[in-house]
Amino acid sequence: MMRNTVSDIWKLYKKGEKIACVTAYDSTSALLADRAAVDLLLVGDSLGMTVLGHDTTIPVSIDDCLRHSAAVVRGSEKALVVADMPFMSYHGSSHEALKNASRFMQESLVSAVKIEGGEEVADLVKKMVQGGIPVMGHIGLLPQAVLVKGGYKVRGRTEEDEQQLLKDGLALQAAGAFAIVMECVKSDAAKRIVTALDIPIIGIGSGLGCDGEVQVMHDILGLNPDFIPRHAKKYLDLAEQINGAFTQYKDDVKSDRFPTQENWY
Ligand SMILES: Nc1nc(=O)c2c([nH]1)NC[C@@H]1CN(c3ccc(C(=O)N[C@@H](CCC(=O)O)C(=O)O)cc3)CN21
Ligand SMILES: CC(C)C(=O)C(=O)O
Ligand SMILES: [Mg+2]
């Protein structure tokens with residue numbers, strides 16, 4: 001089976017078919033999402049919160065992202081795999097940023113990288129694309145800037161902010177980004193920005209005007225019992241189901257109901 005390329009993503013966009021994306025952090029969940037024919041797997045730096053137990057994405061290292069990205073590539077066959085570049089791995093010299101981006105392509109074998117930011121990263125995006133690295137942009141709420149902004153704030157609430165987001169999107173498009181994630185932008189503003197751009201805009205919390213949707217796997221599976229953002233929908237309550245399984249297992253072990261004869265050699 002041939003893995004999706006960025007041109008398969010563009011084909012969906014041109015057909016008007018929505019692009020379905022989910023985050024994945026390990027080979028098992030990548031395999032499951034891939035077999036459900038999700039178009040694109042994002043190895044989000046949200047892995048810092050969902051799998052490493054950090055409070056934000058800021059402590060996530062390049063090595064964390066490289067290792068999890070490689071696992072997602074190994075677990076999947078068809079989906080385009082995009083790796084998030086983590087906090088401050090693309091803000092030094094462009095030389096250093098390009099070297100870090102190359103590691104994702106050469107060591108993790110992902111198909112593309114994603115970086116947060118608009119106009120201010122457009123020159124870097126251009127250099128990456130010129131070097132042969134497909135780049136996904138990310139505008140709107142930027143989790144890596146949470147400490148600078150003083151929290152996770154919905155974007156596009158004012159005319160001025162909408163104009164800035166539009167400038168950011170246009171700059172990324174001109175720089176050669178193959179798609180852009182637009183996170184937590186008011187849906188009316190989001191729709192106008194999507195209309196003004198002609199590359200796929202993948203929304204999260206930004207409404208149906210976008211060309212696709214991305215969600216954190218743990219949120220849609222209900223894996224985290226303590227955090228459900230408004231933009232997510234729990235398709236399963238896995239936390240509840242897994243708790244039941246663990247409880248039963250523990251009770252069985254303590255009462256000698258498990259293992260049974262079929263389970264020993
Ligand atoms: N599990 C998980 N899901 C995510 O979607 C996600 C992460 N982690 N980690 C990285 C970022 C952080 N994200 C967040 C975090 C909090 C809000 C939040 O508190 N939203 C408020 C609205 C805030 C406002 O109105 O300005 C809410 O009520 O849900 C939104 C996105 C999205 N990303
Ligand atoms: C939510 C998506 C867009 C992301 O950047 C992440 O999971 O890190
Ligand atoms: Mg991210």
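Residues numbered from 1 in each chain as written. Chains lettered and ligands numbered in written order. Predicted model: local features only at pLDDT ≥ 70, side-chain atom pairs only at ≥ 80, totals over all residues. Heavy atoms only, no water.

1. Side note on the packing of helix H4 (residues 62-75) against helix H5 (residues 94-108)
Running from N to C, H4 and H5 cross one another at 30°; their axes reach a closest spacing of 9 Å. The handedness of the crossing between H4 and H5 is right-handed. Facing H4, whose interface residues are Ile62, Asp63, Cys65, Leu66, Ser69, Ala70 and Val73, H5 presents Asn100, Arg103, Phe104, Glu107 and Ser108. (Axes fitted to C-alpha atoms, helices over the stretch in contact; angles between N-to-C directions. Helix = DSSP H or I, 4+ residues; strand = E, 2+ residues; numbered from the N terminus. Left-handed = near helix turned anticlockwise from the far one by under 90°. Contact = heavy atoms within 4.5 Å.)

2. Brief notes about the coordination of the magnesium ion (ligand 3)
Each protein donor to the magnesium ion (ligand 3) is listed here as Asp45 (OD) and Asp84 (OD); together their distances run 2.1 Å. Taken together, the residues span a long stretch of sequence, with aspartate 45 in the loop between strand E2 (40-43) and helix H3 (47-50) and aspartate 84 in strand E3 (residues 80-84) at a distance of 39 residues. Taken as a pair, aspartate 45 and aspartate 84 share a single burial class, namely buried. (Donors = N, O, S within 2.8 Å, 3.2 Å for Na, K, Ca; no water. Buried < 20%, exposed > 50% of the residue type's maximum accessible area, 1.4 Å probe, protein only.)

3. Some remarks on the pairing of strand E5 (residues 135-140)
Across the 6 residues of E5, 6 count as buried, placing the element largely inside the fold. Viewed along the sheet, the connection from strand E4 (residues 112-114) through helix H6 (residues 122-130) into E5 turns out right-handed. (Right-handed = clockwise from strand over helix to strand, strands pointing away.)

4. A look at the sheet that holds E4
Strand pairing in a sheet is mediated by backbone hydrogen bonds. Such pairs are either parallel or antiparallel. Here 8 strands make up a closed barrel; going around it, the order is E1-E2-E3-E4-E5-E6-E7-E8 and the pairing parallel. Each strand of the sheet is rotated relative to its neighbour by a mean of 25°, with strand direction disregarded. For E2 and E3, the ladder comprises 4 bridges, and the chain directions are parallel. Bridge pairing in E3 links leucine 41 to valine 81. (Pairing = 2+ DSSP bridges.)

5. Here we look at the site of ligand 2
Taken together, Thr23, Leu42, Gly44, Asp45, Ser46, Asp84, Lys114, His138, Val181, Ile204 and Val216 are the residues near ligand 2. A distance of 2.6 Å is found between an oxygen atom of ligand 2 and a side-chain nitrogen or oxygen belonging to serine 46. Here aspartate 84 contributes a side-chain N or O atom positioned 2.9 Å from an oxygen atom of ligand 2. A total of 260 Å² of accessible area belongs to ligand 2 in isolation, and the protein chains cover 96% of it. Across the shell around ligand 2, the residue classes tally to 4 nonpolar, 4 polar and 3 charged. (Near = heavy atom within 4 Å. Polar contact = N/O pair within 3.5 Å; in protein donor to acceptor, adjacent residues only side chain to side chain. Areas by Shrake-Rupley, 256 points an atom, 1.4 Å probe, with all protein chains shown as cover. Nonpolar A, V, L, I, M, F, W, Y, C, P; charged D, E, K, R; others polar.)

6. Focus on the site of ligand 1
In the vicinity of ligand 1, 15 residues are found, and the nearest of them are Met49, Val154, Glu183, Asp219 and His231. Here aspartate 219 contributes a side-chain N or O atom positioned 2.6 Å from a nitrogen atom of ligand 1. One of the backbone nitrogen or oxygen atoms of arginine 230 is found 3.4 Å away from an oxygen atom of ligand 1. If ligand 1 stood free it would expose 670 Å²; the protein chains cover 75% of that surface. Its residues placed into classes, the shell around ligand 1 shows 7 nonpolar, 3 polar and 5 charged.

7. Section: the layout of surface pockets
In this model, the second largest pocket occupies a volume close to 360 Å³. As for the second largest pocket, its lining consists of 23 residues, of which His91, Gly117, Glu120, Leu142 and Ala145 are closest to the centre. The residue makeup of the lining of the second largest pocket, split by class, is 10 nonpolar, 7 polar and 6 charged. (1 Å grid on protein atoms, 1.4 Å probe; cavity = no way out; pocket = protein on both sides within 12 Å on 5 of 7 lines; lining within 4 Å. Points joined across faces, edges and corners; volume = space filled by probe spheres on them.)

8. Notes on the nonpolar core
Of all hydrophobic cores here, the largest spans 54 residues; its most connected members are Leu41, Met85, Phe104, Ile115, Val125, Met128 and Met182. Sequence-distant contacts of isoleucine 115, that is, excluding residues within four places in its chain, are made with Met85, Tyr90, Val121, Leu124, Val125, Met128, Val135, Met136, Gly137 and His138. Listed in part, the 17 residues of the second largest apolar core include Leu40, Met136, Phe178 and Val181. (Core = buried A, V, L, I, M, F, W, Y, C linked by side-chain atoms within 4.5 Å.)

9. Thoughts on the side chain of asparagine 4
For asparagine 4, the position within the fold is in the segment before helix H1 (6-15). For asparagine 4, the side chain forms a polar contact with the main-chain oxygen of aspartate 39, separated by 3.1 Å. Non-local contacts of asparagine 4, meaning those with residues more than four positions away in its chain, are made with Asp39, Lys78, Ala79 and Leu80.

10. Re the UniProt feature "active site" (unreviewed entry) in the chain
Cross-referencing UniProt, the feature "active site" (unreviewed entry) maps to Glu183 in the present numbering. Topologically, glutamate 183 is positioned in strand E6 (residues 179-183). Ignoring sequence-local partners within four residues, the contact set of glutamate 183 consists of His138, Ile139, Gly140, Leu141, Pro143, Ile204 and Ser206. Of the polar contacts made by the side chain of glutamate 183, one reaches the side chain of histidine 138; its length is 2.9 Å. (UniProt positions renumbered as here; feature names shortened; annotations may be inferred.)

11. Side note on the UniProt feature "binding site: Mg(2+)" (unreviewed entry) in the chain
Cross-referencing UniProt, the feature "binding site: Mg(2+)" (unreviewed entry) maps to Asp45, Asp84 and Glu116 in the present numbering. The greatest C-alpha distance among the residues just named is 10.7 Å, despite their covering 72 residues of sequence, which places them together in space. Lining of the second largest pocket among the annotated residues: Glu116. Owing to a relative accessible area of 4%, aspartate 45 belongs among the buried residues under this scheme. We classify aspartate 84 as buried; its relative accessible area is 3%. Setting aside chain neighbours within four positions, we find aspartate 84 in contact with Leu42, Val43, Gly44, Asp45, Cys65, Phe104 and Lys114.

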